[in-house]
Amino acid sequence: MDTITNNLSGLNASDFEKVINGKETHLYILKNSQGNEVGVTNYGGTIVSIMVPDKNGNIANVIQGHDNIDDCINSPEPFLSTLVGRYGNRIAKGKFHLNGKEYNLAVNNGPNHLHGGPTGFHARVWDAEQINEQTIVLRYISAYYEEGFPGELNMAVRYTWTDDNELIIDYRGTTNKKTVVNMTSHGFFSLQGLGTPTADTLDQIVEINADFYIPIDETSIPTGEVLKVKGTPFDFTSPKPVGQDIAADDQQIKNGTGYDHCFVLNKSEVGELSFAARVTDPKSGRTMEVYTTEPGVQFYSDNWANGFKGSHGATFGKHSALCFEAQHFPDSPNKPHFPSVVLKPGQIYTQKTIYKFGISD
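Calculation rules
- Residues numbered from 1 in each chain as written.
- Predicted model: local features only at pLDDT ≥ 70, side-chain atom pairs only at ≥ 80, totals over all residues.
- Heavy atoms only, no water.
- Core = buried A, V, L, I, M, F, W, Y, C linked by side-chain atoms within 4.5 Å.
- Buried < 20%, exposed > 50% of the residue type's maximum accessible area, 1.4 Å probe, protein only.
- Contact = heavy atoms within 4.5 Å.
- 1 Å grid on protein atoms, 1.4 Å probe; cavity = no way out; pocket = protein on both sides within 12 Å on 5 of 7 lines; lining within 4 Å.
- Points joined across faces, edges and corners; volume = space filled by probe spheres on them.
- Nonpolar A, V, L, I, M, F, W, Y, C, P; charged D, E, K, R; others polar.
- Helix = DSSP H or I, 4+ residues; strand = E, 2+ residues; numbered from the N terminus.

Novice: Outline the nonpolar core, supporting the account with residue identities and numerical values.
Specialist: Among the nonpolar cores identified, the biggest contains 53 residues, and Ile50, Tyr159, Ile208, Phe263, Phe299, Phe324 and Phe357 are the most heavily contacted of them. The residues touching Phe263, leaving out its near neighbours within four places in the chain, are Ile208, Ala210, Phe212, Tyr213, Val229, Phe234, Phe236, Pro295, Gly296, Val297 and Phe299. If you look at the next biggest cluster of nonpolar residues, it comprises ten residues, including Phe16, Leu27, Tyr43 and Ile69.

Shown next, in the form of structure tokens:
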């Protein structure tokens, strides 16, 4: 591959080249007609840059990432802007039943399983095909019993960077045996732009199209209830600053150490592509809208970052990013009343999620 240096992000393709278990990693740059860019590596399907302008036309990277493959592999935040699978979010005690059999998964988040386990899809080299200047398709076959999950899962993920500054993520998966699937993209969005340090997001204005959310216990597992957001710190039905209620005297805020909860998106029909969330950075004027076919979005206020180093020396501290992870609900395999995450042979898993970048009026 030619060494890419003429990109807005200043990333070097050669810094992303490595052979891992016989498979090559690379950097891929998507460019649209406005000249804006998205950088992706096929290691974990990780988005390493999204270069978009602010209200004054200044272009900056608005997603947290690293500038070389070794730092991606060894990141203090293993899910930093990666694809997540086979199961995004948590499964209680790393156990679930399917077909009358108990399956045991890695316990990698307190007493629970998180994000597909330590060697989940975020830590795999995907087969990549750049279709054109604006589209890349990533493919990965997850072996039977990989990370403890039943069935061989054949997953394809397509990233499209449109001329309207929309990053469209399309997922398509099939299995040869009954399994559970809950894919997501774990973008850590910093609309203020990366910096040293990256500014916090507490003054950013968030709206989430959800009248209900899913409360969690002290280990971040859903209690099984679905509660109204009205009158709680979780009411983002009208736009408000992230920091307004993030330190509220509220047991759910304490359980999540801030926001780390799944919101039940308002839908007129199951699986429709509809508005999920919007965030505005008042300083830069940048906006991001989220649309998804998924029933939920995990809103995470980056509660655990400790100032670790990222791309071009930027540092990422607590609350320096916001995550909007479109997904099915956490622990669904153990909560029969939640929408099913079971995929059977002959069925096709699909998801479409769009992150659209703009500038506020």
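Okay, back to it.
Novice: Can you lay out empty space enclosed by the protein for me, pointing to particular residues and giving the numbers?
Specialist: Taken as a whole, this structure holds two cavities of 30 Å³ or more when the rule is applied. Approximately 50 Å³ is the volume found for the largest cavity. Lining the largest cavity, in full, are Tyr43, Thr46, Gly65, His66, Cys72, Ser75, Glu77, Pro78, Leu80, Thr82 and His122. Counted by class, the lining of the largest cavity contains four nonpolar, six polar and one charged residues. Its volume calculated, the second largest cavity comes out at about 30 Å³. Along the walls of the second largest cavity sit Gly85, Arg86, Gly116, Gly120, Phe121, Ser142, Glu146, Glu147 and Phe149, which together make up its complete lining. Here the lining of the second largest cavity is built from residues that sort into two nonpolar, four polar and three charged.

Novice: So what's going on with the layout of surface pockets? Residues and values would help.
Specialist: Space inside the largest pocket adds up to approximately 480 Å³. The wall of the largest pocket is formed by 26 residues, among which Glu77, Arg90, Asn109, Tyr300 and Trp304 lie closest to the centre. Tallied by class, the residues present in the lining of the largest pocket amount to nine nonpolar, eleven polar and six charged. Empty space within the second largest pocket amounts to approximately 230 Å³. Lining the second largest pocket are 14 residues; nearest its centre among them are Glu294, His328, Ser340, Tyr349 and Thr350. Element by element, the count of residues in the lining of the second largest pocket is highest for strand β30 (residues 349–359), at three residues.

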